[in-house]
Amino acid sequence: MAETAILIENLVKRFEDVTAIDGLSLEVEKGELFGLLGPNGAGKTTTINILCGLLEPTEGRAVVGGFEVSKEPESVKGLIGVCPQDTAVYPFLTGRENVELFGDLHAVPRESLRRKADELLEKMGLAEDANRQAGKYSGGMRRRINLVMGLVHDPEIAFLDEPTVGMDPQSRRAVWDFILELKAAGKTVILTTHYMEEAEELCDRVGVIDHGRLIALGTPAELKERHGAVDLEEVFIRLTGRRIREGA
Amino acid sequence: MELGRVLALAKKDLKKTIRETGALFMTLLFPLVMALAFGVAFRGIGSGEVSGLDIGVVSLEDPQDPWAIKFVEVIEATKVLWVKGYDSNETAQRDLSQGRLSAVIVIPGDFGEGCDSYSAFPSEPSLWMNTSIRLYLDSGSMMAAYTIPPTVNNALSVTIHGELPQAVPSPIHVESPSLVEARNLSSFDYMAPGLFPFAAIFLTMIVAQSFVYERQTGLLRRILVTPTTSAEFMLAQVLSNMVVALAQVALVFVGAFLVGYRPYVDPSVMAFSFLIVSTFSLCCIGFGLITATIAKSEGVATGISFLFIMPQMLLGTFVPMGGTQLGRIAAQLMPSHYVTDALTSLLLRGAPVTSPAILLDAVVVSIFGVVVLLVGILLFGRYGKS
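Remember, it's a predicted structure, so these values are computed and weren't measured experimentally. (Residues numbered from 1 in each chain as written. Chains lettered and ligands numbered in written order. Predicted model: local features only at pLDDT ≥ 70, side-chain atom pairs only at ≥ 80, totals over all residues.)

Enquirer: Sorry, what's going on with the interface of chain A and chain B here?
Expert: Put simply, an interface is often sized by how much accessible area is lost when its parts join up. Contacts between the two partners involve 20 residues from chain A, matched on the other side by 20 residues from chain B. For the side of chain A that touches chain B, the secondary-structure elements that each account for two or more residues are α2 (73–77), β6 (80–83) and α3 (95–105) of chain A. The leading source of residues in the side of chain A that touches chain B is α3 of chain A, at four residues. When its residues are assigned to classes, the side of chain A that touches chain B shows 13 nonpolar, three polar and four charged. (Contact = placed C-beta atoms within 7 Å. Helix = DSSP H or I, 4+ residues; strand = E, 2+ residues; numbered from the N terminus. Nonpolar A, V, L, I, M, F, W, Y, C, P; charged D, E, K, R; others polar.)

Enquirer: Explain the sheet that holds strand β2 (residues 18–29) of chain A here, please?
Expert: Pairing between the strands of a sheet is mediated by backbone hydrogen bonds and can be parallel or antiparallel. Residues and elements named next belong to chain A. Overall, antiparallel pairing links the four strands, which are arranged β2-β1-β4-β5 in an open sheet. Of all strands in the sheet, those with a lone pairing partner are β2 and β5 (67–68), marking the two edges. Pairing analysis gives two bridges linking strand β4 (residues 59–64) to β5, with the strands arranged antiparallel. What sits directly across from Val 64, in β5, is Phe 67. (Pairing = 2+ DSSP bridges.)

Enquirer: It is not clear to me how the environment of Met 167 of chain A should be interpreted in this structure. Could you clarify?
Expert: Residues and elements named next belong to chain A. As for its placement among the helices and strands, Met 167 is situated in the loop between β7 (157–161) and α6 (169–184). When the C-alpha positions of Met 167 and Gly 125 are compared, they lie 13 Å apart, and in sequence the two are 42 residues distant. If near-sequence neighbours (up to four positions away) are discounted, Met 167 is found in contact with Gly 140, Arg 143, Arg 172 and Val 175.

Enquirer: How should the sheet that holds strand β9 (residues 205–210) of chain A be read in this particular structure?
Expert: Residues and elements named next belong to chain A. Taking strand neighbours across the sheet as the criterion, the six strands line up as β6-β7-β8-β3-β9-β10 in an open arrangement whose pairing is mixed. Looking at which strands have only one partner, the edges of the open sheet turn out to be β6 and β10 (213–218). Sheet twist, expressed as the mean angle between neighbouring strand axes with direction ignored, is 15 degrees. In terms of strand pairing, β7 meets strand β8 (residues 188–193) through five bridges, oriented parallel. Looking across to β8, one finds that Asp 161 is bridged to Thr 192. Lying over the sheet, α6 contacts β3 (33–37), β7 and β8, oriented at roughly 150 degrees with respect to β8. Across the face of the sheet, helix α8 (residues 220–227) comes into contact with β9 and β10 while running at roughly 105 degrees to β10. (Axes fitted to C-alpha atoms, helices over the stretch in contact; angles between N-to-C directions.)

Enquirer: Quick question: what am I supposed to make of helix α4 (residues 110–123) of chain A here?
Expert: Every α-helical turn comprises 3.6 residues, leaving residues that sit three or four positions apart pointing alike. Residues and elements named next belong to chain A. Along its 14 residues, α4 runs 20 Å from first to last C-alpha, staying within 8% of the 20 Å computed at 1.5 Å per residue. Within α4 the residues assigned to the buried category are Lys 116, Ala 117, Leu 120 and Leu 121. Mapping the buried residues of α4 onto a view down its axis gives an arc of 130 degrees, with all of them on the same face. Exposed positions of α4 whose direction lies more than 90 degrees from the buried face are Glu 111, Ser 112, Arg 115 and Glu 122. Check the buried side of α4 and you find it contacts α3 and α5 (139–151). Following α4 by one or two positions, Gly 125 has its phi on the positive side, about 70 degrees. (Expected span 1.5 Å × (residues − 1). Buried ≥ 20, exposed ≤ 12 C-beta atoms within 10 Å, placed from the backbone. Arc of directions from axis to C-beta.)

Enquirer: Looking at this structure, how should I read the packing of α3 of chain A against α4 of chain A?
Expert: Working note: a packed helix pair is described by the angle between its axes plus the distance between those axes. All names here are of chain A. Where α3 meets α4, the axes come as close as 10 Å, and the angle between the chain directions of the two elements is 130 degrees. In terms of their interaxial angle, α3 and α4 are classed as oblique. Our pair here, α3 against α4, has a crossing hand that is right-handed. Packed against α3, whose contacting residues are Gly 95, Arg 96, Val 99, Glu 100 and Gly 103, the element α4 presents Leu 113, Lys 116, Ala 117, Leu 120 and Leu 121 at the interface. (Parallel < 35°, antiparallel > 145°, perpendicular 65-115°, else oblique. Left-handed = near helix turned anticlockwise from the far one by under 90°.)

Enquirer: What is the right way to read the nonpolar core from this model?
Expert: What tends to happen in soluble globular proteins is that the nonpolar side chains get buried as a cluster. Val 148, Ile 190 and Leu 191 of chain A are the most contacted members of the largest nonpolar core, which has 85 residues in total. Considering every element that reaches this core, the biggest residue donor is α5 of chain A, with six residues. Those residues within four positions of Val 148 of chain A in sequence are excluded, and the remaining contacts are Val 99, Leu 120, Leu 121 and Met 124 of chain A. Counting 62 residues, the second-largest nonpolar core is a separate cluster that includes Ala 192, Ala 292, Ala 295 and Phe 380 of chain B. (Core = buried A, V, L, I, M, F, W, Y, C linked by C-beta atoms within 7 Å.)

So far we have only geometry, and geometry alone does not tell us how the molecule works.
This is how it looks when you write it as structure tokens:
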């Protein structure tokens, strides 16, 4: 029986009178690449924030790597790597310094940090610009360095919150390859996206969220078959009556 | 507590200070430029430079005594020495030590009696009432050393004998002059101690802007999902800002020195100056955190930080706003006031570091620093992270 990496049970999150997550239950296996799909405002980022310990759930519980997030957030933070949806880099630091800073925050030994940073910067096509200040990077470069910063410490569980938004096709391809390498290395990856083709290409299973509720769960092939759709975009239309990029 | 994390974050903050033009100017260049500009502007004002030879006369004699009055009139008649009367020797000595006078003459209380005894028995020295005039000279003025003793002796002779000195004895003589080292203090000398806390005050704005920026851009959240603890994060802030404060002290010293500022400085004074300003920087970090808790944007943070900066600046540094009763009371509430007070005693008056007043100032600044910083950390931790 596969080991559980993430367990979400009856999760509810309310912000005053808005319910962002409404009774979400989910289980992700270790080594699985799981896609969390849904339009903007569906509750994907809120779910990720709860799993990272940034937000307290109103009800329910979340367990990451065997640790209940609200009770043992420090243990969870030692296991996870997060690539936030909005690019968050220090513009006055070089690309390499940004990456190494977050390696230091995860207490990665200096020598292996240098090696890992070199490897990731090379993979993301940033090696040549690694010593330039990130403030002078293009939008695509910033998004790539944003991803590297979240994964330089080689985490067991990676939360990638819309990592390819706004990227050109070439950069997106590089990120996809990188995500597949993570999976091949046995990492558990939670990928939120509203690019259906991205989910189809990468994910072992996907969960479709709308208005904070899980409305579908399965492999891309299962979902398409179940709803008689040619792609996941059509699955979403069948389930909600609207296109995914029209918003919640 | 992982020291590597603390150092990595502190290094990041210091890189920001050096690489971001705005932060570099406010934290390091501004204090240097300010010390240079203020030094150039105020160095010459009130410098007490001697024009002619001003001498202070302290008369311990009855103000109506005709001999003492005559002696002073004779001195004034020389047109070489310009007389300023003083009620106490202490006040006159202070002006002499600060270069406002070239000499101080102390007329003894029995001056008139001595003159009377000579006048009554000019040829019977055994019946004279002998006394002496004390003379203090500015040791740094060759002109005073050469001119004043003979001029005073001549004036004494004219007073007693009615003519220039003869080879005749007299009941009154002028003592060998005591040499007093004079310091010519300018307005800048009085302002300079206040420049040190003045520079550090702006850390409030820098810290507030930095925290708001990290929160707005998601960098703070990003750090919060690493194993970094709040204590490590705050310690890094404290460390990096204390380093900045130390650099500010050094720059103000250098800037002021370049324009001729020469305070009483020995290693203990330097060490104390660095210590008290870096302790004061804790207050500024605390105020910065309080500001960042309230402010929703960097612009608002800048505005709110001035609510902390302005009172500290106007009531606790070199800006002479604490002259009123209300101002003096309000100044007691400003940590910067205690820093300026301690540094004024050290650098201007040459008081030892171990003076009770200076140590009390240091204790008050430390208490302010710890309390304000803790309040800032608690408020930011509770309300400011999101």
